[in-house]
Amino acid sequence: MPRIKFTVSYDGTDFCGWQRQNQSQKPSVCQTIQEALEKVFRHPVSLFASGRTDAGVHAFNQVCHFDTSWSEEQVMKLNLHGAIRRFIPSTITIKKVWLAPDDFHSTLSPDKKTYRYMILNSEKPSVFLGRYSDWVRHPLNLDFLNEASKYLLGTHDFKSFQSVGSDVPHTVREIEQAEWVWKRPHIAQFTITGSGFLKQMVRNIVGTQLLLERKGISAQKMKEIIEGKDRKLAGPPAAPQGLFLLRVYYPQDLDNKCREL
C-alpha cells in the first residue's frame, strides 16, 4: 500500500485542535482533513501527524501521512491539493505531497521541531492580527527575555512546563534554539527548536517568561523553575493564537527516499 506524506498549513482558530475532542462543538483539524481524504480516495483513512496542536494554535508546515489502497500509478496521477480543495475550508491548505517509504512515520520519525510565537506589543490590539498573535500592552524587554531563554538551551527535564493530560515515558528534552527578536516594530517573535515538546510546553515557557518580565523577577528564576520540576513553579500558558508549528525535521536518509508528487 503506497504511503503518502504531505505538509499542511492551517489557521487553528475555528478548530478544537489537531485531535478530535468529544466535548468540543468545533471540528478538529485531523477530522476535517481525514474526512476529506476519504471522499477523495473512497476508502477509510487513518491519518497521522508529527504531533498534536492545541485549540487555536496554527501550523505553517504540519507533516502528515496515511496509507492508501490505490496503486502507485494512480497516486502519481493525482493532484492531491486540487482534489481535496472542495472538501476542506479555506483555513486549511495542502502544500507539498510525496510518496514515502514504509519506514517513514510522521509521528515517530522526527528528529526535531521548530515552533514560533508572535506577540503584538503595542498600546492597542489589532483587529487583523488578533487571530495570529498575543497582545502585550507594556513595552517588552527582549534583552531580558533572551537572558531567560538561555537557561532553556541544552538537555533538561522540562516537567515544570508540562501541562496535565499528557502521557509520556519521560519529560527530558533537548533545546538547541530559543531566541526573541523584533520581527517588525511592535511585533516580537520567539523561535524555539528542540528534539520534542511536552503538552503545551512552548506556551507554558512563553507565559512564564512574560510573567517574570512583567513582574521584574530575575531572569535566573527560569533556571530555578526548570530545576524544580514542578508545574506549579511556572507561569500560566500564553494565549494559543500566538503559536505556530513552523517546521518538522526528519532524518536526511528518510527525506531522500521520499518522492515529491
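Residues numbered from 1 in each chain as written. Predicted model: local features only at pLDDT ≥ 70, side-chain atom pairs only at ≥ 80, totals over all residues. Heavy atoms only, no water.

(A) Spotlight on the packing of aromatic side chains. For the structure shown, the criterion picks out 9 aromatic pairs. Through a chain of ring-to-ring contacts, three or more aromatic side chains come together here, namely Phe 6, Phe 41, Phe 66 and Trp 70. Over the ring of Trp 98 we find Lys 5, and its NZ or CZ is 4.5 Å from the ring centre. A cation sits over an aromatic face here: Lys 112 above Tyr 249, 4.8 Å from the ring centre. (Phe/Tyr/Trp six-rings, centres within 6.5 Å; stacked < 30°, edge-to-face > 60°. Lys NZ or Arg CZ within 6 Å of the ring centre and 35° of its normal.)

(B) Summary view of helix H6 (residues 221-228). The set of residues buried in H6 consists of Met 222, Ile 225 and Ile 226. Along H6, the residues classed as buried sweep out an arc of 100° about the axis, all on the same side. Turning to H6, the residues buried within the fold contact helix H4 (142-149), strand S7 (154-157) and helix H5 (201-215). Taken from the residues just after H6, Lys 229 is the one with a positive phi, measuring 50°. (Buried < 20%, exposed > 50% of the residue type's maximum accessible area, 1.4 Å probe, protein only. Helix = DSSP H or I, 4+ residues; strand = E, 2+ residues; numbered from the N terminus. Arc of directions from axis to C-beta. Contact = heavy atoms within 4.5 Å.)

(C) How the structure looks around the nonpolar core. Core analysis: the biggest nonpolar cluster contains 70 residues, and Phe 6, Ile 33, Leu 37, Leu 47 and Ile 192 have the highest contact counts within it. Per-element accounting of this core gives the leading share, 7 residues, to helix H1 (residues 29-41). Ignoring sequence-local partners within four residues, the contact set of Leu 37 consists of Phe 6, Arg 42, Val 45, Leu 47, Phe 66, Leu 80 and Ile 84. (Core = buried A, V, L, I, M, F, W, Y, C linked by side-chain atoms within 4.5 Å.)

(D) View of the side chain of Thr 208. If you trace the backbone, Thr 208 turns up in helix H5. Residue classification places Thr 208 among the buried residues on the basis of a relative accessible area of 1%. At 2.7 Å, the side chain of Thr 208 forms a polar contact with the backbone oxygen of Asn 204. Setting aside residues no more than four positions away along its own chain, Thr 208 makes contact with Phe 161, Met 222, Ile 225, Ala 234, Gly 235 and Pro 236. (Polar contact = N/O pair within 3.5 Å; in protein donor to acceptor, adjacent residues only side chain to side chain.)

(E) Structural view of the pattern of salt bridges. Tallying each qualifying case throughout the model produces 13 salt bridges. We note a salt bridge from Asp 67 to Arg 3, for which the minimum N-O separation is 2.7 Å. One end of the pair, Asp 67, is in strand S3 (residues 58-67); the other, Arg 3, is in strand S1 (residues 3-10), and 64 residues separate them in sequence. Its relative accessible area of 27% is what places Asp 67 among the partly exposed residues. A salt bridge links Arg 203 to Asp 54; the shortest N-O distance between them is 3.3 Å. Here the residue Arg 203 occupies a position in helix H5, and Asp 54 occupies one in the loop between strand S2 (48-49) and S3, the gap between them amounting to 149 residues. (Salt bridge = Lys/Arg side-chain N within 4 Å of Asp/Glu carboxyl O.)

(F) Focus on the state of the cysteines. Tallied over the entire structure, the rule returns 0 disulfides. Sulfur of Cys 16: no disulfide; nearest cysteine sulfur belongs to Cys 30 and is 9.9 Å away. Note on Cys 16: relative accessible area 9%, which makes it buried. Looking at Cys 258, it has no disulfide partner, and the nearest cysteine sulfur is the one in Cys 64, 13 Å off. (Disulfide = S-S within 2.5 Å.)

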